[in-house]
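Tertiary structure, described
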Amino acid sequence: MKNHFVHFFQSSSKSNPTYLLLLSFLTLVAFVGCSVESSNEPLFLKSSNEPALEEFDSTKTQDTLVVAVLNQTIGFQVQNLLFTNQDDSMNVFRNMEALWEQYERNRPNERLKIQADSFAFYDPDVIALQEVMVFLKDGEINSDYITDLPQLIQAAGGSEYVTHFQKMNELELKLQARVGDSLNDGTELEKDSLLDLKFYEGNAILVKKSLTIVADGVDMFKSILGVPFLEDKIFYSERGNVWAKVQKGKKVFEVGSNHLEVSILATQSKNQAAELLIAMDGRRDPEIAQIIVGDLNYTPGTGTHEILSSTNTFMDLRELGSSDGVSCCQALDGAELTMENVLDYALVRNVVGGEVSYHPLGPIVIEGAPPLWAADHALLIAKIYAQSK
């Protein structure tokens, strides 16, 4: 039985036309045993003497912004392809087939519905998301989180939101199999078959339509992870910050949604935190509350945490004693809660206080199917208290 399978990778990124862009939802496990070199030099920041928290003043107007934060969990572990022998075409094909089957077992559309129901229930002013995915199979949309989620929230009785999306890490895989090739279940193809998968992901900010958006934008980080792949090729994982300045009452709040590199990759993680802080400093205004939220991929006390959260930069709302919950990581089809770590945060400055709580979304029991969790991260709900003149 002869194998005629042909495969190739394409990136539609203008900045890297030759190379596949490694998706930014790479897990820590994906890098074990992988030699990674980076030309990124450590960034050094000047410390600020301005405190993150303002003193409460009863003569000023008080406003509260509620922010919901969630890493949506793509569920398509494309990083497994990095450890696939690209010279063995049938092995590539079978691994790709297995990844697609795993993706379908994770039931992305059902998980998205659970997320939308939760957002409708908590009714936040702003929703900050990471790993927001758009997935096309054979040219047709299979999953479109950024388009479908606002519609599902409204269908569940929730508010209408305006969406700001930071598109990153676009990837296309074209796989062609010929007559006689074997699939994972042992069956042989009776005709030539082309599988075309295209997907991208990113960060998003959703703002209630009833609120005023003063300004919005994106910050792309220059310090990014380079991963060796196929001889001398290097692929890069894009990371960034999407932000919006939102007015509620008399107060303007700037909210940024982020997904930083894993903290074990210390240079990229710390540098991205430093770049984020530099960008936020450039927009700092004593009359505007600034909020950093997202899957920051560090644990308390690490270098990245120290860069972002201190009384002279941003205050971690957890340090105010409002929560000791955990946010990661959960098996999507597990019956028991497995979260043990904190990777998701709400960091603030130019505010008078706030509180944060964590809410695992599941398990949901659906007849005839395993238990289902909406994401491998918990939903974070942050309440930020600010004052204006």
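Everything below is about the structure printed above this text.
We now turn to the structure provided with this report. (Residues numbered from 1 in each chain as written. Predicted model: local features only at pLDDT ≥ 70, side-chain atom pairs only at ≥ 80, totals over all residues. Heavy atoms only, no water.)

1. Some remarks on the sheet that holds strand β7 (residues 212-220)
Across a sheet, paired strands are connected by hydrogen bonds in the backbone, their directions being either parallel or antiparallel. Pairing in this open sheet of six strands is mixed, and the strands run β7-β10-β11-β12-β14-β13 from one edge to the other. Edge strands, defined here as strands with exactly one partner in the open sheet, are β7 and β13 (315-316). Pairing analysis gives six bridges linking strand β12 (residues 288-295) to strand β14 (residues 344-349), with the strands arranged antiparallel. What sits directly across from valine 293, in β14, is alanine 346. Sheet strands touched by helix α4 (residues 266-282): β7, β10 (240-248), β11 (251-259), β12 and β14. Its angle to β12, the strand with the most contacts, is close to 160°. (Pairing = 2+ DSSP bridges. Helix = DSSP H or I, 4+ residues; strand = E, 2+ residues; numbered from the N terminus. Contact = heavy atoms within 4.5 Å. Axes fitted to C-alpha atoms, helices over the stretch in contact; angles between N-to-C directions.)

2. So, the pattern of salt bridges
This structure, assessed with the given rule, holds 10 salt bridges. Put simply, aspartate 125 and lysine 208 hold a salt bridge, and the shortest N to O gap is 3.9 Å. Taken together, the residues span a long stretch of sequence, with aspartate 125 in the loop between α2 (108-122) and β3 (126-137) and lysine 208 in strand β6 (residues 193-208) at a distance of 83 residues. Residue classification places aspartate 125 among the buried positions, given a relative accessible area of 5%. (Salt bridge = Lys/Arg side-chain N within 4 Å of Asp/Glu carboxyl O. Buried < 20%, exposed > 50% of the residue type's maximum accessible area, 1.4 Å probe, protein only.)

3. A word on the packing of aromatic side chains
Inspection of the entire model under this criterion finds three aromatic pairs. Measuring from centroid to centroid gives 5.0 Å for phenylalanine 121 and tyrosine 122, while their planes differ by 85°, and the two rings are edge-to-face. Given a relative accessible area of 66%, phenylalanine 121 falls into the exposed group. Where tyrosine 298 meets tyrosine 345, the ring centres are 4.5 Å apart and the plane angle is 25°; that geometry is what we call stacked. Remark: tyrosine 345 occurs in strand β14 and tyrosine 298 occurs in the loop between β12 and α5 (303-308); sequence separation between them is 47 residues. Each of the two residues, tyrosine 298 as well as tyrosine 345, counts as buried. Geometry around tyrosine 200 places lysine 167 over its ring, the cationic atom sitting 4.2 Å from the centre. (Phe/Tyr/Trp six-rings, centres within 6.5 Å; stacked < 30°, edge-to-face > 60°. Lys NZ or Arg CZ within 6 Å of the ring centre and 35° of its normal.)

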